[in-house]
Every structure is written in C-alpha cells, then in structure tokens.
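# Examination of the molecular architecture
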Amino acid sequence: MLKTFPKGGIHPPENKLSADKKIEVLAIPKQVSIPVSQHIGAPAKVSVKKGDIVKVGQVIAEQGGFVSANIHSSVSGKVFKVDAVIDTSGYKKQAVIINVEGDEWDEKIDRSEDFIKDFNYSSEEIIKKVQEAGVVGLGGATFPSHVKLMPPKGTKAEILIINGVECEPYLTSDHRLMLEKGKEMLVGTEILMKALKVDKAIIGIENNKSDAISHLNSLLKDYKGITVVPLKVQYPQGGEKQLIKAVTGREVPSGGLPIAVEAVVHNVGTAYAVYEAVQKNKPLIERVVTITGKSVKNPGNYLVRFGTPVKDLIEASGGLPEDTGKIISGGPMMGKALNTTDVPVAKGTSGILIMPKDESKRRAFKPCIRCAKCVEVCPMGLEPFLLMTVAEKALIERSEKEDVMDCIECGSCSYVCPSDRPLLDYIRLGKNQVGALRRARSMK
Ligand code: SF4
Ligand code: SF4
C-alpha cells in the first residue's frame, strides 16, 4: 500500500493540463521589476541606484538580516528607478526596475550545459554559497534556505526530505523539473545532505507522477543514501508536516518545526537551485513557472527571469481567455488572486492559473449544518467550523486555545463545506488576531 498522511485530506480534480509540456525559455522582457522582498523575513537592502549598469547575476539588494536573502539582477541593463510596485501578494513593495540591454552575465557564472557531479566543499562552504546565491524555498514558502541548513543549537538533523509532491491541482513545474533536470536535482540533494551532515534523504513524490518516479529511480544507482518514496495522491501532502508523517511516520508537535523530529524538508526546485548555486556559481535569478487553466490555449511550463510581468507569460500561452474570471498566483487551493497582470514573477511564483468565470464565482454562504465534513478533512485535526465562529466573534484567546495557529491554510475545509462557508478566510483572520495578541504580549 502506498504511504500517505493519516489524518484528513481530500482529492480534488488534478487537472495537470501542462504535465507533458517541456520547459520552454520565456523571452526576456524589455523591462523587469525585481522586488527586494521575495522571501519570508526582512526585505533585502537595495545596493544599486538609478543609472547603474548591471549584469545578470549581480547583487542588486543585500540580505537584510539573518532571515533574509540576497536579490540578484535577472537581466543586464540600466537601473531605471527604485520604486514601489504591486507584487503577487497584492501589496506595494520596493523593487528595482531595470531597462534591459542585451544579456550580459556575471563572468563567475558557469553558463555551459556541462553537468558537474562531484563536489568537495565543506558544510560551511556550501551554506555560504547557498546564502550568497539568494536561494529560498521554491515550493511556495520562500523561507531562506541557508537558515534551514543551520539547525538551531541543541537540535540536529538526521534526515533530509525532498518535497516532490506537487499536490496542488494544475501545477506541474516541479514534475517537469524532476523529469528534465533529475541528475542536477539529485546532486543538489547530495549537496544539501553534506550541508546538513546527514547520510539519508528521501524524495517523496505522489504516484500520479509515475514517470518522474521511474526516471529518478533509474538514476539513483549513482547516488548513495537517497531513496524515492511513491506516495498516494492526497491533498495537502506537500505540507511539510504531512510529508514528514507520510514518509517517516514522525509527527511534528503542535507549534513545532520539522527539526523537532530531526527532519529538514526542501523542495525539488530548491534542490535544483542549490545545484546551480554550488556547482555553477549561479544565483537564483529565474525559475520554472506553470501557466495553465481550462480555457488557456497553450498551457505550459516556462523558465522565467524574475521581474518579468505575469502578462508576458499569459501572452506566451496564447493570451488571456475571453471567459477569464480570476487569475491566481499559485494553485487553486492555496494560491492568491491577482488584481493586475503587471505584477512581476518572483521566487515564490510556482504557477499562474487562469480560472474561467463560471468556476471562479463565489456562491453566497449558508448557515452551518453541523455536518462535520470540515473536521473530517482537516489534516491538522482542527475544528474549522468552530475556528470560523470564534474568529468572527473576535474571541481571540479562544482561537489561540483551539490551536488556530496550527492551520496550514490548505483550504480543504472550505472546499468540502456544503454550505459554502468561507472557513479559511475567517481562520486567516483568526490567525492574524492571535499573531497580534502574541506580539502585544511580547512587548509587555
Ligand atoms: S485550512 Fe486550516 S483548518 Fe482548514 S482544513 Fe486546512 S489546516 Fe484545517
Ligand atoms: S463543513 Fe460547513 S456546514 Fe459542515 S460543519 Fe463544517 S462549516 Fe458546518
């Protein structure tokens, strides 16, 4: 029997429309807007000014703290201005806007197609390279990767888990990466193992990507200590806690981090970015993005330079369909709706999903009928109907007591509710309320 996580979960239609589409390189735009905050943590500090000439791979904003990441130019050209632009979060963030001229790269970057298997760096040297390259978690969390490679004092990693689950419907960028850059991703995994000083790694992949499972298995003879574990298809298996439970049986405690059970999780895209950073001296300046939707003419997977407007990606897929109701950054379950297509592709942009009008309309919600379906599907063992009620009534301490902060915002509860109740919206409100309460407490 295939492994999976034991609590809750759903199986929405997969709609992996672009699974067979090879990664194509998207044309470089005339202008890029590169936000300095593309990660969790402090924004990076801009280190260029209007009129500066930059090359591809040059640092344009320096890490603004330990939990932060360098930002590099994804193009060559002249800095037009430093200004606030709306990013995929819907908020205005500081960005470096560059007018593109040619495609000149920093000389230190190895741009050849050569595959480099061997490396001889110490753990510290690897962490430094990953940090300098601005690598962050590419599964959507965008947590700076160097931080995850340095377990806090008193903890140690015993196993590395590579997340190749891609359980969000529609998205296929990780799937294509495993098929097309499998060897590089495996070297990236070895490098991460060395950095963490562990001798075991598991790559968890859902069984709807059997071609990726066979491909990686066929390569594994050259990689010691790495195994591929096929998983039952079940959303949200890509959640760190769900994946750890599925592949190791270990349970991360409420409020705890994976390191509490001696595990560290990195995404397949991150493993590939680590390969490029360490073996090719290439900073994180681009990523694979899926562009998809039922009315999209040519759904596909594109390698996109950061700062490229989302509208360029939509253009490449055949233009915005007439029946467009909603444009989402990410997948349908956890993604965020965009209010403009001018927003730039950034480190956390795994996909752009265009939903037709008839699927994106919100139905008016009705009273709770106490069916408990939301409780059954919650992978964190929460009571979503109750969390919504206490958030609505601003019973903040009660929200905290009911472990609202454990919610991973997977949306499974809202998905199954027969009364169309906006559970997740209210749960997010509850999390914000509790977050504010905790910050206020810590100031006292
Ligand atoms: S969104 Fe939160 S409360 Fe709802 S099912 Fe997911 S984890 Fe549970
Ligand atoms: S699924 Fe909806 S109707 Fe059923 S208990 Fe939960 S909130 Fe109430």
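Refer to the preceding data block for the structure.
Computed from a prediction, not measured in an experiment: that's the story for all the values here.

Pairing is mixed across the open sheet formed by six strands, whose spatial order is β1-β14-β13-β17-β15-β16. Sheet topology places β1 (23-25) and β16 (336-337) at the edges, where each strand pairs with a single neighbour. Of the strand pairs in this sheet, β1 and strand β14 (residues 300-305) are connected by three bridges, and their pairing is parallel. Bridge pairing in β14 places V25 opposite L303.

Our focus in this paragraph is the nonpolar core. I203, L216 and L313 are the most contacted members of the largest nonpolar core, which has 62 residues in total. Setting aside residues no more than four positions away along its own chain, I203 makes contact with I162, M185, L186, L216, I226, T227, V228 and V229.

What follows is about unusual backbone geometry. Between Y235 and the following residue, P236, the backbone shows a cis peptide bond with an omega angle of -5 degrees. When you line up the elements, P236 lands in the loop between β11 (226-231) and α6 (240-248). Phi angles above zero are rare outside glycine, and T142 is one such case at about 50 degrees. Mapped onto the secondary structure, T142 falls in the loop between α1 (123-132) and α2 (145-148).

As a further point, take the packing of α1 against helix α7 (residues 268-280). Between α1 and α7, the least distance of the axes is 9 Å, while the angle of their chain directions is 105 degrees. Relative to α7, the element α1 is oriented roughly perpendicular. Contacts between α1 and α7 involve I126, K129 and V130 from the first element and V274, A277 and V278 from the second. Within the contact of α1 with α7, the residues separate by chemical class into five nonpolar, no polar and one charged.

A word on the site of ligand 1. Residues in close proximity to ligand 1 total 13 residues, the closest being C378, C407, C410, G411 and C413. More than half of the atoms belonging to ligand 1 lie within 2 Å of the grid points that define the largest cavity. Residue assignment for the shell around ligand 1 shows that the elements contributing at least two residues are α13 (412-416) and α14 (423-443). Of the residues that constitute the shell around ligand 1, the class distribution is ten nonpolar, two polar and one charged.

This part covers α7. The end-to-end C-alpha distance of α7 is 17 Å, a good match for the 18 Å that 13 residues give at a rise of 1.5 Å each. Among the 13 residues of α7, 13 are classified as buried, and the element is accordingly described as predominantly covered.

Another point: the sheet that holds strand β10 (residues 201-206). Within the open sheet, the four strands sit side by side as β11-β10-β9-β12. Their pairing is parallel. Two strands close off the open sheet at either side, each with one partner strand: β11 and β12 (263-267). Each adjacent strand pair in this sheet contributes to an overall mean axis angle of 25 degrees, direction not counted. In this sheet, β11 lies alongside β10 in parallel orientation, the contact comprising six bridges. Each bridged residue has a counterpart across the sheet, and for A201 the counterpart in β11 is I226. Its contacts with the sheet place helix α4 (residues 182-196) against β9 (159-163), β10, β11 and β12, and it is angled at close to 150 degrees to β9. Across the sheet, α6 is in contact with β9, β10, β11 and β12; its angle to β9 comes to roughly 115 degrees.

What counts as what
- Residues numbered from 1 in each chain as written.
- Chains lettered and ligands numbered in written order.
- Predicted model: local features only at pLDDT ≥ 70, side-chain atom pairs only at ≥ 80, totals over all residues.
- Heavy atoms only, no water.
- Pairing = 2+ DSSP bridges.
- Helix = DSSP H or I, 4+ residues; strand = E, 2+ residues; numbered from the N terminus.
- Core = buried A, V, L, I, M, F, W, Y, C linked by side-chain atoms within 4.5 Å.
- Buried < 20%, exposed > 50% of the residue type's maximum accessible area, 1.4 Å probe, protein only.
- Contact = heavy atoms within 4.5 Å.
- Axes fitted to C-alpha atoms, helices over the stretch in contact; angles between N-to-C directions.
- Parallel < 35°, antiparallel > 145°, perpendicular 65-115°, else oblique.
- Nonpolar A, V, L, I, M, F, W, Y, C, P; charged D, E, K, R; others polar.
- Near = heavy atom within 4 Å.
- 1 Å grid on protein atoms, 1.4 Å probe; cavity = no way out; pocket = protein on both sides within 12 Å on 5 of 7 lines; lining within 4 Å.
- Sits in = over half its atoms within 2 Å of the grid points.
- Expected span 1.5 Å × (residues − 1).

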